[in-house]
Structure formats: C-alpha cells, structure tokens
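# Coordinate inspection notes
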Amino acid sequence: MRVEVDVPKCVASGQCVLLAPDVFDQRDEDGLVVLLSENPPAELHDAVRESATVCPAAAIRLEES
C-alpha cells in the first residue's frame, strides 16, 4: 500500500490521526495532516483504509499493491 495526502484539501478534523497514529499526525500550527509513513506495514492497512474512508475532505488517497 502507498499512501498520499492532499494537504491543501485537509480540513484538520484529525480522524486519520485517531485511527492510524503511526501513519498520520497533525501540524501543531494549523492541525493539517502530516504523513508519517508513505508505505505503512500490512498490520496498519485496515486502519489506513478506514482513515481514507472517514476523511471528511477526501484528502487521503491509497494505492493498493
């Protein structure tokens, strides 16, 4: 799996961080998403998929391999 985030689309809801804190974080100054792992390990894939699904701005894109 490859993860991409569209930071300008992010609305800083933080749902991705709650679901997959090893993959996503938020910037202190504005709360926008920070991608910590572009290629997360398999055990995190379900949480990353859920993060992409619940993202209110659809700012998370996944490329499944």
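Residues numbered from 1 in each chain as written. Predicted model: local features only at pLDDT ≥ 70, side-chain atom pairs only at ≥ 80, totals over all residues. Heavy atoms only, no water.

The chain goes by Ferredoxin in an unreviewed UniProt entry, where it is assigned to Streptomyces capitiformicae. We quote the UniProt Function (unreviewed entry) comment for the chain here in full: "Ferredoxins are iron-sulfur proteins that transfer electrons in a wide variety of metabolic reactions." Under the Cofactor (unreviewed entry) heading, UniProt states for the chain: "[3Fe-4S] cluster". (UniProt positions renumbered as here; feature names shortened; annotations may be inferred.)

### Things to note about helix 2 (residues 45-54)
Every buried residue belonging to helix 2 is among His45, Val48, Ser51 and Ala52, and all of these are buried. Buried residues along helix 2 cover an arc of 120° about the axis, so they all sit on one side. Among the exposed residues of helix 2, those pointing more than 90 degrees away from its buried face are Asp46 and Thr53. Packing partners of the buried residues in helix 2 comprise strand 1 (2-5), helix 1 (15-19), strand 2 (24-26) and strand 4 (60-63). (Buried < 20%, exposed > 50% of the residue type's maximum accessible area, 1.4 Å probe, protein only. Helix = DSSP H or I, 4+ residues; strand = E, 2+ residues; numbered from the N terminus. Arc of directions from axis to C-beta. Contact = heavy atoms within 4.5 Å.)

### Description of the environment of Ala47
Examined against the element boundaries, Ala47 turns out to sit in helix 2. C-alpha separation for the pair Ala47 and Leu62, spaced 15 residues apart in sequence, amounts to 12 Å. Not counting residues up to four positions away in its chain, the partners in contact with Ala47 are Leu19 and Ala20.

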